[in-house]
Amino acid sequence: AGPDIARAASRLMLGRGSPRDLGQIRDGLAAATTARRLLAGAAGGLGLPLSLRDLEARLGGVPESVGDTLARALVEDPPHQRRDGGFVREGFRSDLDEAIALRDDSRRVMANLEARYIEDTGIKTLRVRHNNILGYFIETTALNAKPLTSEPLSQTFRHRQTMANAVRFTSAELEETEGRIAHAAERALAIEQDVFGDLAAAVAASEQTLVSLAGALAELDCFAALAELAEREGYVRPTIDTGTAFEIQGGRHPVVEQALRAAKSGPF
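Quick notes on the rules
Counting restarts for each chain, with residues numbered from 1 along the sequence as it is written. The model is predicted, so local features are restricted to residues of pLDDT at least 70 and side-chain atom pairs to those at 80 or more, both for listing and for counting; the totals for chains, interfaces and linings are taken over all residues. Side-chain descriptors were evaluated using all non-hydrogen atoms of the structure, hydrogens and water having been removed beforehand. Every case where a carboxyl oxygen of Asp or Glu lies within 4 Å of a side-chain nitrogen of Lys or Arg is listed as a salt bridge. Secondary structure elements are taken from DSSP: a helix is a run of H or I of four residues or more, a strand is a run of E of two residues or more, and numbering for both begins at the N terminus. Under the scheme applied here, a residue whose accessible area is under 20% of the maximum for its type counts as buried, over 50% as exposed, and between as partly exposed, the area being computed with a 1.4 Å probe on protein chains only. Simply put, an axis is a line fit to the C-alpha atoms, just over the touching stretch for a helix, and the angle between two N-to-C directions goes from 0 to 180 degrees. Working definition: roughly parallel below 35 degrees, roughly antiparallel above 145 degrees, roughly perpendicular at 65 to 115 degrees, and oblique for all remaining angles. For this analysis, residues touch if any pair of their heavy atoms sits within 4.5 Å. For this classification, Asp, Glu, Lys and Arg are treated as charged, while Ala, Val, Leu, Ile, Met, Phe, Trp, Tyr, Cys and Pro are nonpolar and the rest, including Gly, are polar. Throughout, a crossing is termed right-handed when the near helix is turned clockwise from the far one, and left-handed when it is turned anticlockwise from it by less than a right angle.

J.: Even after reading the chapter, I still don't get the pattern of salt bridges, so can you show me in this structure?
T.: Pairs can form between side chains of opposite charge once their charged atoms are near each other. If you walk through the whole model with that rule in mind, you get 18 salt bridges. The salt bridge partner of Arg158 is Glu175, with a shortest N-O separation of 2.7 Å. With Arg158 in strand E3 (residues 158–162) and Glu175 in helix H8 (residues 172–182), this residue pair connects regions lying 17 residues apart in the sequence. On the basis of relative accessibility, which here comes to 37%, the residue Arg158 falls in the partly exposed class. For Glu175, a relative accessible area of 39% corresponds to the partly exposed category. Across the salt bridge formed by Arg261 and Glu233, the nearest N and O atoms sit 3.0 Å from each other. With Arg261 in helix H11 (residues 254–263) and Glu233 in helix H10 (residues 207–233), this pair connects stretches of sequence that are 28 residues apart.

J.: What is the right way to read the packing of helix H6 (residues 106–121) against H8 from this model?
T.: Packed helix pairs are specified by the crossing angle of their axes together with the interaxial distance, meaning the distance between the axes. One way to put it is that H6 packs onto H8 with a least axis distance of 11 Å and a crossing angle of 170 degrees. The angle between the axes of H6 and H8 places the two elements in the roughly antiparallel class. Across the interface between the two elements, Ser106, Val109, Met110, Leu113, Arg116 and Tyr117 of H6 pack against Glu173, Leu174, Thr177, Glu178 and Ile181 of H8. For the contact of H6 with H8, a count of residues per class yields six nonpolar, two polar and three charged.

J.: Please explain the packing of helix H3 (residues 50–59) against H10 as it appears in this structure.
T.: Where H3 contacts H10, the axes come no closer than 9 Å and their chain directions differ by 140 degrees. Crossing hand, H3 versus H10: left-handed. Between H3 and H10, the contacting residues are Ser51, Leu52, Leu55, Arg58 and Leu59 on the first element and Ser212, Leu213, Gly215, Ala216, Leu217, Glu219, Leu220 and Phe223 on the second. Among the residues making up the contact of H3 with H10, the classes are represented as eight nonpolar, three polar and two charged.

Dropping the structure here:
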């Protein structure tokens, strides 16, 4: 079954929509774009019956920006629920990508920070570590700690704890990064909810044209099904004259014909 654009738009308008509904509209708009292109290519559109020319116009009623934004924003198979996130495509929002990277790859983030601190200080034994009591901290051997307690590095690195063989420090950047990691999951989810709200608002602004487009797709689907049936069964439009006699030549009854075929009772 194809995407039910009208139902998805209605659910979003009523505040009961989901990422899956946005995906239904995205897929429906993509199908409408393809169908319109095919119709326009039929003898430049001039060879189409009037009813199909009308459908072609209705299929293009929704602003292209809506479909384009939905395609860029949503993952291929959006989830049913919005509350858990996971429906925004990577690259759509840089702040979301950053929050997810912090949430899912904090080890890499801290390793990059450690590498930069080693380069800035020249202390090869410097490490960014973590425990459940202190959280994240910067540690180096006692022999190499002096540069961190002297100008200008002491402006960046603040002494935190002295051990028998090691000295621990912190920095404003480390504390900020630790806070961002701690809140990354919450922030990522909040950003996704904002994205959902923006997309739902864009759909709501095009509700009437979406409903018209959904009707056009349904009619086109019906026409296509009848055309396929006519092609397969050899149905043709009858030639009707202006006489008053009721005389049918070479007539066929589709329903009876199919029933007799199923019962293997011969031609009708």
